[in-house]
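Now for the letters of each chain:
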Amino acid sequence: MSRATMRAPNIDWTDPDCPVARTLDLVGDRWSLLVVRDAMDGARSFTEFQRRTGIARNILTDRLRKLTAHGLLAQRTAPSGRRQEYVLTDAGCDLFPVILTLRQWGERHAFAPGETHSTLVDQHGTPVPDIAPTSDDGTLLDPNTTHVQKPR
C-alpha cells in the first residue's frame, strides 16, 4: 500500500488532521502492536503469533486482516510452499522506532527497580541504547521545546 493510499480520507478517523490519532486508529490497540512486535522478532505464522501473544484466534484473525489491509503486513507463500506467512512491509518496519520507544519507556516505568525483563540487543549482542529525539542542532527535544502546528 502506498503512502498516498494510507493518507486517503476516511470518514472514520478519530481526528483527521492529527498524525498521532490516525496512527492510533490503525495500530492503537494492544494486540496490533504486539503482533507487529512479534513480526519484528521473526514470527511469521498464525500459530506463532498466537503462541507468542496468547491472543484468541478470532481476535488474531481480525488483527492480521486489518494489519494486512492497512499495508503493515503482507502475506506470502512460506518457503515450504504449504501455507501463507506474514511479513512486515516497509510501513510495518517503519514502526520499529515506535516499538523501541514503547519498550524503553516500559523499561523505565513499568518495572520495579531490579525486576528482570527482556532486553533488545543489536546483532553483536549489545543492548540497544536509549533513543531521544533531537533538533537539527542536536538540542534534546521534549514537550517543552516543541509544539503542534495545525493546518489552517
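Up top you'll find the structure we're talking about.
Thresholds, definitions, all that
- Residues numbered from 1 in each chain as written.
- Predicted model: local features only at pLDDT ≥ 70, side-chain atom pairs only at ≥ 80, totals over all residues.
- Heavy atoms only, no water.
- Buried < 20%, exposed > 50% of the residue type's maximum accessible area, 1.4 Å probe, protein only.
- Helix = DSSP H or I, 4+ residues; strand = E, 2+ residues; numbered from the N terminus.
- Pairing = 2+ DSSP bridges.
- Core = buried A, V, L, I, M, F, W, Y, C linked by side-chain atoms within 4.5 Å.
- Contact = heavy atoms within 4.5 Å.
- Polar contact = N/O pair within 3.5 Å; in protein donor to acceptor, adjacent residues only side chain to side chain.
- Axes fitted to C-alpha atoms, helices over the stretch in contact; angles between N-to-C directions.
- Parallel < 35°, antiparallel > 145°, perpendicular 65-115°, else oblique.
- Nonpolar A, V, L, I, M, F, W, Y, C, P; charged D, E, K, R; others polar.
- 1 Å grid on protein atoms, 1.4 Å probe; cavity = no way out; pocket = protein on both sides within 12 Å on 5 of 7 lines; lining within 4 Å.
- Points joined across faces, edges and corners; volume = space filled by probe spheres on them.
- Salt bridge = Lys/Arg side-chain N within 4 Å of Asp/Glu carboxyl O.

(A) A look at the pairing of strand S2 (residues 84-88). For S2, a buried count of four out of five residues is recorded, marking the element as mostly surrounded by other parts of the structure. With five bridges connecting them, strand S1 (residues 73-77) and S2 associate as antiparallel partners. Pairing of Ala 74 across the sheet is with Val 87, part of S2. The loop that links S1 with its antiparallel partner S2 comprises six residues; one of these, Gly 81, has a positive phi angle of about 80°.

(B) Broad picture of the nonpolar core. Counting residues in each nonpolar core, the largest one holds 21 residues, and the members touching the most others are Val 27, Val 35, Phe 49, Leu 60, Leu 64, Leu 67 and Leu 73. Looking at this core, the elements with two or more residues in it are helix H2 (19-27), helix H3 (30-40), helix H4 (46-53), helix H5 (57-69) and S2. It is H3 that contributes the most residues to this core, five residues altogether. When residues no more than four places from it in sequence are discounted, the contact partners of Leu 73 are Val 35, Ala 39, Leu 64, Leu 67, Thr 68, Tyr 86, Val 87, Leu 88 and Thr 89.

(C) Broad picture of H3. When H3 is considered as a whole, its buried residues turn out to be Trp 31, Ser 32, Leu 33, Val 35, Val 36, Asp 38 and Ala 39. For H3, the N-terminal cap is Asp 29; the gap from its side-chain oxygen to the backbone nitrogen of Trp 31 is 3.1 Å. Gly 42 occupies a position one or two residues after H3 and carries a positive phi of about 105°.

(D) Expanded view of the packing of H3 against H5. Where H3 meets H5, the axes come as close as 10 Å, and the angle between the chain directions of the two elements is 70°. On the basis of their axis angle, the class for H3 and H5 is roughly perpendicular. Residues Trp 31, Ser 32, Val 35 and Val 36 of H3 touch H5, and the partners they reach there are Ile 59, Leu 60, Arg 63, Leu 64 and Leu 67. Of the residues in the contact of H3 with H5, the class split is seven nonpolar, one polar and one charged.

(E) Representation of the layout of surface pockets. When its volume is computed, the largest pocket comes out at roughly 610 Å³. Lining of the largest pocket is provided by 19 residues; of these, Leu 34, Arg 37, Ile 99, Arg 103 and Ser 118 occupy positions nearest its centre. Ranked by residues supplied to the lining of the largest pocket, first place goes to helix H7 (residues 96-109) with seven residues. Here the residues of the lining of the largest pocket are counted per class, giving ten nonpolar, three polar and six charged.

(F) Summary view of the pattern of salt bridges. Evaluated as defined, the whole model comprises eight salt bridges. Arg 63 serves as the salt-bridge partner of Asp 29, at 2.8 Å between the closest nitrogen and oxygen. A residue pair is termed long-range when its members are at least 10 positions apart, and Asp 29 in the loop between H2 and H3 and Arg 63 in helix H5 qualify at 34 residues. Glu 85 serves as the salt-bridge partner of Arg 76, at 2.6 Å between the closest nitrogen and oxygen. Relative accessible area serves as the criterion here: at 43%, Arg 76 is assigned to the partly exposed category. One continuous salt-bridge network, built from bridges that share partners, spans Asp 29, Asp 62, Arg 63 and Lys 66.

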